Amino acid sequence: MRLPPIGPFRPDFWRSPLRGPWLASLLSSALLPLLVTCAVTGVLSHFAYDTDLGHNAVWGGPGAGNGFDVYGLDWPSSPAWLYAANQGLHVISGIAAIPLLLVKLWTVIPKLFENPPARSIAHALDRLSLALLVGGALFTIATGVMNIQLWYAFPFSFVPAHYYGAAIFVAALALHVALKLPVVRRSFRERGVVAPLREDLEHTRPEPGFDDEETSAPRQPAPPTLTRRALVGGAGAASLGLGLMAAGQVVGGPLSELGVLAPRASGRGKGPNAFPVNKTFASVGIDRDEIGSKWRLELIVADTPRKLLSRDDLLALPQVTAKLPIACVEGWSTTQSWSGVRLADLARLAGVERPGTMEARSLQPSGILRRATLNSGQVMNPHALLALKVNHADLSPDHGFPARVIVPALPGVHCTKWVGALVFTDDSAEGAA
Amino acid sequence: MIAFQRAYGRGPLHLAGTLATFVVAAYALSQVFDLLSRPYGFVLWFAGAIVAHDLILYPSYSLAGQAVARAAVPPAARSRLRIAALNHLRVPLLLSGLLLLVWFPLVAGKSPTTFEHLSGRSNDIYFQRWLIATGVLFAASALVFGARARRLAERHNED
């Protein structure tokens, strides 16, 4: 069934001589590696929470049942920069994909107004899968970009929505790549992979499209005002520029100056505690008294009496200093010099010989991330600390005073601040039972 | 097989692949309905993202771009210089627009209380930064255009 040929449904409505299957193919070839990087690091980011432990699952309650999870994988605690690199790549690749995605959509938008809208059942299903593809890409990128700028304007919780939106997108992308690979190969065979980029304005001709298939190539092209290399180069430069801005808050140092518009790139003044904060002390609702002199760290092991340690008790234990990055799921990270007591030493002090897991409980009265459970590899890492100081100064309240967890490659939100209790399980006891 | 092709429009492999995609998508959506307190918000935002791009963002920048193009390069007065001028307008316009699109929450200073509450920093610096970035883009583009225009004029004089 044909629609009346009005407006964008008219075949001569689309005039740009640059549109066509070759341009779409080239942009897709640049876009795909970025999207794959973003998707893979996204899944890894989810695994990094060790959702099968304790209350780590952000949604769906404790234990199994979180979508596409694979269980039995323990997130490693080495190399220390693993999580920072993963999140950095995730946010950089996602942001860098935006200009290429927009130009790609510009290239293929005539196909949205194909007439007739559906030529066959297969064609109708194709178009439905494209709605999942385009909707999935825009939804996932938009929620991610809003989240890193702390603008929670959507009516749902970010993590599961971003996760399942991405799942829909990845499924549609896999199908799209499989279906469009022949188009890409044909375009590159007929026109060369980069040959059209060498044309200057006089030699910029419209793409002919294919004679046996609907394409985005124009039927009645206007004369060109832009070369293909300018369009592709411009999109590439924009992608690189945005990527560098996002990189500014991952790599730090002089690169952070590039993050002119990145949310966490610029510093918070000077001093040992002047590095970015994910959640300030003021935002979590802990009483000042609770972190004062009456504060005690509780060490809890099942079936044994609790041990209470004051901050002075902790400072009297052997202190370890480690230069470790702390990285936020939102893609920014900062490396600082942390000092405190080894988690392994605290486990031994609590009477645990072979620590299984350790749950760190914050004084924070509410919030899903007020407690985090670490796997035994993380607890036993020699640089896994209950930090009391940063850069040789006491932690500031914003950074978790009196004590916080810091573990190599552990997601920032699991580096529990304002720790009130550590709960250990004992693997040797389980083995004996 | 030929009957299938005629009825469906493509081969059976196409149908299998498409259905596999829909199964995964349906499972993801079922999880959304199980887990999210407002699943229709998800559906609305998902569909809304398509509408926002295809029927709002694209037509707006496309119409604006065509207006700029008509003004800079009228069909009767097409010249290298005018086309260069158009592109030196297009580039800073598009880049400034892109920066605004990507960093909109920061530039517009959205939810300043949440931002400051959580991060301990203010987000009121970004509007100015975006304005400066826009100014720099236009100035740089104008400088390059000036140099190109002089070269084009010299070449014109030599001819």
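First, a word on what this report is: a plain description of the structure on this page. These numbers were taken from a predicted model, which means no experiment stands behind them.

**Some points on the overall build of chain B**
- Helix and strand counts for chain B stand at seven helices and zero strands.
- Mapped in sequence order, the helices and strands of chain B form the string α-α-α-α-α-α-α.
- In summary, chain B has a C-alpha radius of gyration of 25 Å against a globular reference of 15 Å for 159 residues, an excess of more than 25%.
- Dimensions along the principal axes, computed over C-alpha positions, put chain B at roughly 70 × 60 × 20 Å.
- A buried classification covers 20% of the 159 residues belonging to chain B.

**Comments concerning the nonpolar core**
- Counting 125 residues, the largest nonpolar core has Ala97, Ile168, Ala172, Leu385, Leu386, Ala387 and Ile406 of chain A as the members making the most contacts within it.
- Looking at this core element by element, the count peaks at 14 residues for helix H2 (residues 82-108) of chain A.
- Those residues in contact with Ala172 of chain A, other than ones at most four positions away along the chain, are Ser129, Leu132, Leu133 and Gly136 of chain A together with Thr21 and Ala25 of chain B.

**A word on the pairing of strand S10 (residues 419-426) of chain A**
Residues and elements named next belong to chain A.
- Of all eight residues in S10, six are buried; the element is thus mostly enclosed.
- By the bridge criterion, four bridges tie strand S1 (residues 297-301) to S10 in an arrangement that is parallel. If you follow Leu299 over to S10, its bridge partner there is Leu422.
- Both strand S5 (residues 355-362) and S10 contribute to a ladder of six bridges, which runs antiparallel. Along S10, the bridge assignment pairs Met358 with Phe424.

**Topic: the interface of chain B and chain A**
- The partner chain A presents 63 residues to the 51 residues of chain B that form the contact.
- Where the side of chain B that touches chain A is concerned, the elements lending two or more residues are helix H2 (12-35), helix H3 (39-72), helix H4 (80-102), helix H5 (104-107), helix H6 (112-119) and helix H7 (126-158) of chain B.
- The greatest single-element share of the side of chain B that touches chain A, amounting to eleven residues, is contributed by H3 of chain B.
- In the side of chain B that touches chain A, the residues fall into 31 nonpolar, 14 polar and six charged.

**Topic: the environment of Thr321 of chain A**
Residues and elements named next belong to chain A.
- Mapped onto the fold, Thr321 is located in strand S3 (residues 320-327).
- Accessibility expressed as a C-beta count within 10 Å gives 16 for Thr321, which makes it partly exposed.
- Residues Thr321 and Val108 lie 213 residues apart in sequence; the distance between their C-alpha atoms is 55 Å.
- Not counting chain neighbours up to four residues away, the residues in contact with Thr321 comprise Ser337, Trp338 and Ser339.

**A word on the sheet that holds strand S2 (residues 307-309) of chain A**
Residue and element names in this part refer to chain A.
- The mixed open sheet is built from five strands, whose spatial order is S2-S1-S10-S5-S6. The open sheet has two edge strands with one neighbour each: S2 and strand S6 (371-374). The average undirected angle you get between the axes of adjacent strands in this sheet is 20 degrees.

**Section: unusual backbone geometry**
Residue and element names in this part refer to chain A.
- Cis geometry marks the peptide bond from Ser78 to Pro79, where omega comes out at -5 degrees.
- Cis geometry marks the peptide bond from Asn115 to Pro116; its omega dihedral reads 0 degrees.
- Assignment of secondary structure puts Pro116 in the loop between H2 and helix H3 (121-148).
- Although it is not a glycine, Leu150 adopts a positive phi angle of roughly 60 degrees.
- With respect to the helices, strands and loops of the structure, Leu150 is situated in the loop between H3 and helix H4 (158-191).
- With 22 C-beta atoms packed within 10 Å, Leu150 lands in the buried category.
- A positive phi angle, near 65 degrees, is found at Ala409, a position not held by glycine.
- Along the chain, Ala409 turns up in the loop between strand S9 (404-406) and S10.
- Given 24 C-beta atoms within 10 Å, Ala409 falls into the buried group.

Conventions we followed
Residues numbered from 1 in each chain as written. Chains lettered and ligands numbered in written order. Predicted model: local features only at pLDDT ≥ 70, side-chain atom pairs only at ≥ 80, totals over all residues. Helix = DSSP H or I, 4+ residues; strand = E, 2+ residues; numbered from the N terminus. Rg over C-alpha atoms; globule rule 2.2 N^0.38 Å. Buried ≥ 20, exposed ≤ 12 C-beta atoms within 10 Å, placed from the backbone. Core = buried A, V, L, I, M, F, W, Y, C linked by C-beta atoms within 7 Å. Contact = placed C-beta atoms within 7 Å. Pairing = 2+ DSSP bridges. Nonpolar A, V, L, I, M, F, W, Y, C, P; charged D, E, K, R; others polar. Axes fitted to C-alpha atoms, helices over the stretch in contact; angles between N-to-C directions.

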